[in-house]
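Listed below are the residues making up each chain.
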Amino acid sequence: MGYCDNDELYEEAWRGGMYHTGDTAEVDEDGYFWYVGRLDDLIKTRGYRVGPFEIENVLMEHPAILECAVVGVPHEDRGQAIKATIVLADGYEKTPQLEQEIVHQANSKLASYKWIHIVEFVSEMPKTISGKIRRVAMRLSESAKGHKKHD
């Protein structure tokens with residue numbers, strides 16, 4: 001029936017008689033739909049809109065990564081820089097060499113505008129009660145200070 005005490009949000013979600021979820025997808029040449037991400041998760045960098053999932057899928061190919069999330073963080077020249085937050089798998093320790101290896105492996109498989117520029121290792125991801133990663137928390141706590149930048 002609506003959003004409680006928020007008519008503006010209701011009007012934004014229900015436009016033209018349709019409910020707009022905020023999810024985005026692309027259609028390939030064969031007519032298949034591919035999930036890109038949520039509009040609020042899209043990273044706007046160097047004039048491009050980048051979905052975090054492609055970058056996360058490439059990162060997850062590295063055996064040292066148990067879990068990861070990619071967000072855009074403010075950047076003076078790019079609009080947003082791509083930041084990867086990573087939980088390491090058992091048996092791996094955060095070292096400058098491992099960080100460089102992860103970034104090099106991922107960036108070698110991505111277009112240059114999708115390259116990872118900031119890496120943060122954490123012991124666990126911020127999550128919702130249902131277990132989804134809270135990207136908004138990562139964007140808000142962005143503090144890119146103190147993280148090695150890969151430019």
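Heads up: the structure comes first, above all this text.
Report on the accompanying structure. (Residues numbered from 1 in each chain as written. Predicted model: local features only at pLDDT ≥ 70, side-chain atom pairs only at ≥ 80, totals over all residues. Heavy atoms only, no water.)

Across its full length, the protein chain holds four helices and nine strands. Its helices and strands taken in sequence order, the protein chain reads α-β-β-β-β-β-β-α-β-β-α-β-α from the N to the C terminus. By its C-alpha atoms, the protein chain is 55 × 40 × 30 Å across when sized along the principal axes. For the protein chain, buried positions account for 38% of its 151 residues. Contacts in the protein chain between residues far apart in sequence, at least 24 positions, make up 54% of those at least 6 positions apart. Counting every atom, the protein chain has about 9,900 Å² of accessible surface; 51% of that belongs to carbon and sulfur. In the protein chain, 18 positive and 26 negative side-chain charges are present, and the distance between their average locations comes to 4 Å. (Helix = DSSP H or I, 4+ residues; strand = E, 2+ residues; numbered from the N terminus. Buried < 20%, exposed > 50% of the residue type's maximum accessible area, 1.4 Å probe, protein only. Contact = heavy atoms within 4.5 Å. Areas by Shrake-Rupley, 256 points an atom, 1.4 Å probe, with all protein chains shown as cover. Lys, Arg positive; Asp, Glu negative; His and termini not counted. Charge placed at Lys NZ, Arg CZ, Asp CG, Glu CD.)

This brings us to the nonpolar core. Counting residues in each nonpolar core, the largest one holds 21 residues, and the members touching the most others are Ile55, Leu59, Ile86, Ile102 and Ile116. If you list the elements that add at least two residues to this core, you get helix 2 (52-59), strand 7 (65-75), strand 8 (79-88), helix 3 (96-107) and strand 9 (118-121). Other than its neighbours up to four places away in sequence, Ile86 contacts Ile65, Glu67, Cys68, Ile102, Val119, Glu120, Phe121, Val122 and Met125. Ranked by size, the runner-up nonpolar core spans eight residues in total, among them Val73, Ala81, Ile118 and Met138. (Core = buried A, V, L, I, M, F, W, Y, C linked by side-chain atoms within 4.5 Å.)

This brings us to the packing of aromatic side chains. Inspection of every chain in the model, using the stated rule, returns three aromatic pairs. Ring geometry for Tyr10 versus Trp14: centroids 6.5 Å apart, planes at 35°, classification tilted. Since its relative accessible area comes to 28%, Tyr10 is described here as partly exposed. We classify Trp14 as partly exposed; its relative accessible area is 39%. Aromatic side chains Trp14 and Tyr19 sit 5.3 Å apart centroid to centroid with 50° between the ring planes, which places their arrangement in the tilted category. With a relative accessible area of 41%, Tyr19 lands in the partly exposed category. Ring pairing ties together the aromatic residues Tyr10, Trp14 and Tyr19, which thus form one cluster. (Phe/Tyr/Trp six-rings, centres within 6.5 Å; stacked < 30°, edge-to-face > 60°.)

Attention now moves to helix 2. Restricting attention to buried positions, one finds in helix 2 the residues Pro52, Ile55, Glu56, Val58 and Leu59. Mapping the buried residues of helix 2 onto a view down its axis gives an arc of 160°, with all of them on the same face. (Arc of directions from axis to C-beta.)

Here the focus is the environment of Thr128. Looking at the element boundaries, Thr128 is found in the loop between strand 9 and helix 4 (135-140). The class for Thr128 is partly exposed, based on a relative accessible area of 32%.

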